[in-house]
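Each chain, letter by letter, is given below.
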Amino acid sequence: MHALATELFPICRSITGNGVRQTLEILRRELPALKTFEVPSGTPCFDWVVPPEWNIRDGYILAPDGGKIVDFKANNLHVVGYSTPIDATLSLDELRPHLYSLPEQPDAVPYVTSYYKERWGFCLTHAQLETLAPGDYRVKIDATLAPGSLTYAELVIPGEEEREVFVSTYVCHPSMGNNELSGPVVTTALAQWLQDLPRRRYTYRIVLIPETIGSIVYLSRHLDMLKRRVVAGFNVTCIGDDRAYSYLPTRLGGTLADRAALHALRHHAGDFTRYTYLDRGSDERQYCSPGADLPVASIMRSKYAMYPEYHTSKDDLSLITPSGLGGGFEALKKAVMAVEANATFRATTPCEPNLGKRGLYPTLSTKDTARQVRSMMNVLAYADGTHDLLAVADMLEVPVWDLAPIAAALEQHGLLQRLEDRNGGPVHAG
Amino acid sequence: MHALATELFPICRSITGNGVRQTLEILRRELPALKTFEVPSGTPCFDWVVPPEWNIRDGYILAPDGGKIVDFKANNLHVVGYSTPIDATLSLDELRPHLYSLPEQPDAVPYVTSYYKERWGFCLTHAQLETLAPGDYRVKIDATLAPGSLTYAELVIPGEEEREVFVSTYVCHPSMGNNELSGPVVTTALAQWLQDLPRRRYTYRIVLIPETIGSIVYLSRHLDMLKRRVVAGFNVTCIGDDRAYSYLPTRLGGTLADRAALHALRHHAGDFTRYTYLDRGSDERQYCSPGADLPVASIMRSKYAMYPEYHTSKDDLSLITPSGLGGGFEALKKAVMAVEANATFRATTPCEPNLGKRGLYPTLSTKDTARQVRSMMNVLAYADGTHDLLAVADMLEVPVWDLAPIAAALEQHGLLQRLEDRNGGPVHAG
Amino acid sequence: MHALATELFPICRSITGNGVRQTLEILRRELPALKTFEVPSGTPCFDWVVPPEWNIRDGYILAPDGGKIVDFKANNLHVVGYSTPIDATLSLDELRPHLYSLPEQPDAVPYVTSYYKERWGFCLTHAQLETLAPGDYRVKIDATLAPGSLTYAELVIPGEEEREVFVSTYVCHPSMGNNELSGPVVTTALAQWLQDLPRRRYTYRIVLIPETIGSIVYLSRHLDMLKRRVVAGFNVTCIGDDRAYSYLPTRLGGTLADRAALHALRHHAGDFTRYTYLDRGSDERQYCSPGADLPVASIMRSKYAMYPEYHTSKDDLSLITPSGLGGGFEALKKAVMAVEANATFRATTPCEPNLGKRGLYPTLSTKDTARQVRSMMNVLAYADGTHDLLAVADMLEVPVWDLAPIAAALEQHGLLQRLEDRNGGPVHAG
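Residues numbered from 1 in each chain as written. Chains lettered and ligands numbered in written order. Predicted model: local features only at pLDDT ≥ 70, side-chain atom pairs only at ≥ 80, totals over all residues.

### Comments concerning the overall build of chain A
Move 1: A count of helices and strands for chain A gives 12 helices and 19 strands.
Move 2: Across the 430 residues of chain A, 49% fall into the buried class.
Move 3: In chain A, the share of contacts with a sequence separation of at least 24, taken over all contacts with a separation of at least 6, comes to 81%. (Helix = DSSP H or I, 4+ residues; strand = E, 2+ residues; numbered from the N terminus. Buried ≥ 20, exposed ≤ 12 C-beta atoms within 10 Å, placed from the backbone. Contact = placed C-beta atoms within 7 Å.)

Structure below.
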């Protein structure tokens, strides 16, 4: 995952443009079934319209002495995202309103965009800004902001049911690590793992979109279908550093996505930060809006806006690590496993059944088999048509993916009857 | 308010009689629209009947040496409320059962009444009681207890809706400050403020009644109407000293009145005492009884029965203060503002709307505007037809009267649709 | 109770056999109306069948020197329950797999059974086991395991209503105190107390059964009737030692049985351990299974599996004490009193009624009468058809059996109307 992030790092992505296309092209190498879609500028999407497409080839500032002091080719954060083209010579005082830096983090180049108001600008370290002497500065941004299209990609991995698990991540930031590339690379690994599963109960719909406008575009095209089909969804963002695990709920909480995310983090991470929906800031703002109300929760490592390197050049390839990405992937995978494992049962016999005559007791008696018998008895005791396996697992403080095979064995012996679950009846694909 | 309390202080009020009429006459000067009602003695009201009317002109005890040692004209607490007339000479031993004092508060004259059992008596300080020497005491109470009527007053301030906010206070104690005059003077100030409001959504019904029997009489005449119309109510009592803020809920809690009272106290007072309905003791006993079940909560300062001066001569004009009355008035006003501000909305666009194109973002970016944008986004995010503004305000820990103008702006731009609220549909007056 | 336990102690009970019959015979002397039932081996009961009947006459081990070193007649725990007959001479190595001891409790004889897998064995102290020298051991178990029947007993004490309180205890362990005899002797005392009550609202159904298979048998015969009639039930087990009080809820908690048990323990014991349904281990496993779902909770002293003497020879007549049994009986009795006392009322007057004119105020005013008036006013204030007396009692932190006479007096004066309660309408016997 870190190697893929390294390959994607230099590309200058934005909410539209060739950087997104190039990124998706590389990801299609990993996921050949990935399909790309283009939505023309000007297309209405709910209260919004698709903006013009932005492409940038170069951008720099030449000092009064002719030296290149700020260079897009060295770091694509140096040009304000969606900058209009400029080619001019300005005094330092004229230039200054177009320069962005962070006085509190003098060595970091900030990440700045201006999608919906036309302007141009450069970002640089505050340390460098302070060295600029009066004189004539040549500024050049070779960019186009013109009708084109917004690009996104989708991958559908079919399962036994038409009902879906929805996974969304974004590809719209230039060279950044945790708050950009961790999302698509972990999502790619998840998709590969899902494709290799011998059996998938749910269909998986994975989208890679530009943040905010991309999810709005996607919802404007597919909301009805998503509302019918999605049983749980995850927004994959900021999932690559080593410092923390965190969870951000859906708007009201308590959906299958929330329960699976919490269950996964409890068993994977132990300790993690629980944010509230008031702390939101990514595409759950659209997915969980009152008009959409999809069950989309977030499992993250250090959450956007909560770590010092966020939205600066310090959020680079050294901030995300193989173990950071790996841990994030595992947590997300376990949330998916929890969704797959969950089901609601009803016991078929009044009173406890006779497990012995069916050979359901482990023959060897160890601490571990004692736990298994305890789990078996409790799965039966709560098989009342209202507690699902996740509820029983949380009560017993065991992973639901360990309960599922026990429930399956009991089902096979006719002691449990699987019910249409609370997310709507089992809908079979095709 | 303190000046008005000072003017009303000397009047000898009781649950009936001329003291009440004189008090309401003075209040009508402040609130010309106040209407007075007389309910004849013997009128049935639910399980009760209106008692005979009591009027007192004088009352005193002459010591064996002829000196006036206890004098109604010096302090009307000296005569037990509803005392039957007496004119007799008694030995100290014969007199003693008719004398009431407080051994634990030897300098305070207690407040004693006997509404429903005929008796006569005098109240005096325990210090004085202990000085009484054997001898012949002349006692005289010049009072009448005879068919008459019970007096109460009502003021209706019309609003845009027929639905009402109900405000009740009592006028039935003689010279007492916190547990009598703070109620009518703060209620009078509230009524004046309400009358001056440019716009009132709700109609306000303000009643000034004798405690207990007065609220029973009032309910026996108007219960059906109140049940149809009242969205929130407040019982105004003990709201004039400087020492505390407190809240007493409705019987089950959670009504709009409870929520508004708690919201107001959280934002006005910060720290306050939360009583339970088991601590009740004023007219909420009637308003919140299972058969009435009106949403009437109490915002108080030092609650009846919880401060040492309660029901004694020490609950005087020095106990209530301009700042005590002023703070109580402000808290009550804010509860009313919360009721007025509250409304339920539904967002009209799926996903977040484009605020920029409507100029809804503040142009200047400060900490305060950041808070405002955050509030705006959250009002939209919870505009789901189930969260009302009070719920959003409590979640954000901001006053609901600050959210209301934001919601109004969003409504004006067509981004929010106002719903018939949970207190029953918008009922328009006329 | 302790004397009765002493009489029953030596009998070798098991889940079937003459030990159970002999035990029930002695209990019938205390409760002449107790009826005994025999269910033939092989009878199907839900997922189970009634096992063969086991009877044992003798069992011992003779040491190589001919001395009797393990003797059923000295302590019936020495033979594994349901041992098949054996008469053989074995070397120590051949014997060893048939010997059971507790290395951690070297002075205790463990209690071991093998109901559903045919085997034979002896239990002895670990101290003794370690003294055994190589040589030829004569082992003899004179037992029969053959078609017969399972025995249980039932006592129905009629009440005013057909609806029932169900009380279950077990008679299936050999010589053990807390985890066997405390149950039947406390249940017997409860039945005697119930029979002597001048008035019983509910019918009482008391069953004495072998644990697990007995409750399954009983439910397989009576489940429909129990589901219709039982308003609350108690499983009586481990209720005789002096060390603790504890409570184990029904599967979901919150039933009348749970509320009554908690209420009784709060007012009787103050401090007690609250187990969860995950800690279950007695017949509530059957009564509360999803297919039965009867409201059966447990009031215990030291809970099975939670005290060191559990399932060993140390759980003897010295572990249970007269005060231990007496306290357990009182707690259980109070739970029954709570069930009997509970009822739901509606106030008949809007507002508070006039209690004075009905003479309902105590004439003497003391702290105790103040409490009584407070209770009376609160019973009226919550007589709203949704709070039952238990709810009001819990709110006031007073015993519900103290509120019931107050409610009865108010009902007699026409101020309260008794409602069909939440356990289903009042069903009259006959």
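### Details of the interface of chain A and chain B
Move 1: With 15 residues of chain A in contact, the opposing surface of chain B contributes 14 residues.
Move 2: When residues of the side of chain A that touches chain B are traced back to their parent elements, those giving at least two are helix 6 (213-229) and helix 8 (284-287) of chain A.
Move 3: When residues of the side of chain A that touches chain B are assigned to their parent elements, the largest contribution, 3 residues, is made by helix 6 of chain A.
Move 4: The residue makeup of the side of chain A that touches chain B, split by class, is 9 nonpolar, 3 polar and 3 charged. (Nonpolar A, V, L, I, M, F, W, Y, C, P; charged D, E, K, R; others polar.)

### Overview of the interface of chain A and chain C
Move 1: With 14 residues of chain A at the interface, the matching set in chain C holds 15 residues.
Move 2: Looking at the side of chain A that touches chain C, the elements that each hand over two or more residues are strand 17 (344-347) and helix 10 (367-381) of chain A.
Move 3: Considering only residue class, the side of chain A that touches chain C consists of 7 nonpolar, 4 polar and 3 charged.

### Focus on the relation of the copies chain A and chain C
Move 1: The operation relating chain A to chain C is a screw motion whose rotation component is 120°, with 0.1 Å of axial translation and a residual RMSD of 0.1 Å. Taken together, the rotation and translation relating the two chain copies correspond to the operation of a three-fold axis. Closest approach to the rotation axis within chain A is made by the C-alpha atom of A:G254, at a distance of 13 Å. (Least-squares fit on C-alpha atoms with pLDDT ≥ 70 in both.)

### Here we look at the pairing of strand 6 (residues 86-91) of chain B
Residues and elements named next belong to chain B.
Move 1: Across the 6 residues of strand 6, 0 count as buried, placing the element largely on the outside.
Move 2: Two strands pair when backbone bridges link them, and strand 6 and strand 9 (residues 136-146) are joined in this way by 6 bridges, in the antiparallel orientation. Residue pairing for strand 9: I86 is matched across the bridge by I141. (Pairing = 2+ DSSP bridges.)

### Overview of the UniProt feature "domain: DUF2172" (unreviewed entry) in chain A
Move 1: In the numbering used here, UniProt assigns the "domain: DUF2172" (unreviewed entry) feature to residues 53-144 of chain A.
Move 2: Span residues 53-144 of chain A is 9% helix and 36% strand, its end C-alpha atoms 8 Å apart. (UniProt positions renumbered as here; feature names shortened; annotations may be inferred.)

### Some words on helix 12 (residues 400-412) of chain B
All names here are of chain B.
Move 1: For helix 12, with 13 residues, the first-to-last C-alpha span of 18 Å sits near the 18 Å given by 1.5 Å per residue.
Move 2: Contact partners of the buried residues in helix 12: helix 7 (256-268), helix 9 (322-341), strand 17 (344-347), helix 10 (367-381), helix 11 (389-396) and strand 19 (416-419).
Move 3: Where helix 12 terminates, the next one or two residues include G414, which has phi positive at roughly 75°. (Expected span 1.5 Å × (residues − 1).)

### Notes on the sheet that holds strand 9 of chain B
All names here are of chain B.
Move 1: Sheet architecture is open: 4 strands sit in the order 5-4-9-6, paired in antiparallel fashion. Lying at the two open borders of the sheet, with one neighbouring strand each, are strand 5 (68-71) and strand 6. Within this sheet the neighbouring strands show an average axis-to-axis angle of 20°, counted without direction.
Move 2: Direction of pairing for strand 4 (residues 53-62) relative to strand 9: antiparallel, over a ladder of 9 bridges. Bridging across to strand 9, I56 finds its partner in A143. (Axes fitted to C-alpha atoms, helices over the stretch in contact; angles between N-to-C directions.)

### Observations concerning the domain arrangement of chain A
Move 1: As far as domains go, chain A holds domain 1 (2-51 + 149-341), domain 2 (55-146) and domain 3 (345-419).
Move 2: Computed from C-alpha coordinates alone, the two centres of domain 2 of chain A and domain 3 of chain A are separated by 64 Å. (Domains from an automatic or database assignment.)

### Notes on helix 7 (residues 256-268) of chain A
Residues and elements named next belong to chain A.
Move 1: Between its first and last C-alpha, helix 7 extends 18 Å over 13 residues, near the 18 Å set by a 1.5 Å rise per residue.
Move 2: Of all 13 residues that make up helix 7, 10 are buried, and the element is covered over most of its length.
Move 3: Among all positions in helix 7, only L256, A257, D258, R259, A260, A261, L262, H263, A264 and L265 are buried.
Move 4: In this fold, the buried residues of helix 7 make contact with strand 13 (230-236), strand 14 (246-248), strand 16 (296-300), helix 9 (322-341), helix 11 (389-396) and helix 12 (400-412).
Move 5: Directly after helix 7, the chain includes G270, whose backbone phi takes a positive value near 70°.

### As for the sheet that holds strand 5 (residues 68-71) of chain A
All names here are of chain A.
Move 1: As summarised here, the arrangement of the 4 strands in space is 5-4-9-6, forming an open sheet in which the pairing is antiparallel. Two strands close off the open sheet at either side, each with one partner strand: strand 5 and strand 6 (86-91). Across the sheet, the mean angle separating the axes of adjacent strands is 20° when strand polarity is ignored.

### So, unusual backbone geometry
Move 1: Positive phi, normally seen in glycine, also occurs at C:C238, with a value near 50°.
Move 2: With respect to the helices, strands and loops of the structure, C:C238 is situated in the loop between strand 13 (230-236) and strand 14 (246-248).

### Examining the environment of B:S289
Move 1: Considering the arrangement of structural elements, one finds B:S289 in the loop between helix 8 (284-287) and strand 16 (296-300).
Move 2: Separated by 39 residues in sequence, B:S289 and B:T250 place their C-alpha atoms 9.4 Å apart.
Move 3: The contacts of B:S289, once residues within four sequence positions are left out, are C:A347, C:P350, C:C351, C:E352 and C:A381.

### A look at the packing of helix 11 of chain B against helix 12 of chain B
All names here are of chain B.
Move 1: Relative orientation of the contacting elements helix 11 and helix 12 amounts to 120°, with a least axis distance of 9 Å. Our classification of the angle between helix 11 and helix 12 gives oblique. The two elements helix 11 and helix 12 cross, and the hand of that crossing is right-handed. Taken together, the residues of helix 12 that come into contact with helix 11 (itself represented by L389, L390, V392 and A393) are V400, L403, A404 and A407.
Move 2: For the contact of helix 11 with helix 12, the per-class residue count stands at 8 nonpolar, no polar and no charged. (Parallel < 35°, antiparallel > 145°, perpendicular 65-115°, else oblique. Left-handed = near helix turned anticlockwise from the far one by under 90°.)

### Looking at the environment of C:N179
Residues and elements named next belong to chain C.
Move 1: Topologically, N179 is positioned in helix 5 (residues 177-196).
Move 2: Its 30 C-beta neighbours within 10 Å are what place N179 among the buried residues.
Move 3: In this structure, the C-alpha to C-alpha distance between N179 and V379, residues 200 residues apart in sequence, is 41 Å.
Move 4: If sequence neighbours within four positions are ignored, N179 has contacts with H173, C238, Y304, Y310, H311 and D315.

### What to know about the confidence of the model for chain A
Residue and element names in this part refer to chain A.
Move 1: On average, chain A scores 95 in pLDDT, and the residues at 70 or more come to 97%.
Move 2: Residue range residues 424-430 is modelled with pLDDT below 50. Its contacts to residues more than four positions away, or to other chains, number 16 contacts.
Move 3: Two numbers describe this predicted complex: its pTM, 0.93, and its ipTM, 0.92. (pLDDT = per-residue confidence, 0-100.)

### Focus: the packing of helix 9 (residues 322-341) of chain C against helix 12 (residues 400-412) of chain C
All names here are of chain C.
Move 1: Close contact between helix 9 and helix 12 brings their axes to 9 Å; oriented N to C, the two are set at 25°. Of the possible angle classes, the one that applies to helix 9 and helix 12 is roughly parallel. Between helix 9 and helix 12 lies a crossing whose hand is left-handed. Only V400, W401 and A404 of helix 12 make contact with helix 9, whose side of the interface consists of M337, A338 and A341.
Move 2: For the contact of helix 9 with helix 12, the per-class residue count stands at 6 nonpolar, no polar and no charged.

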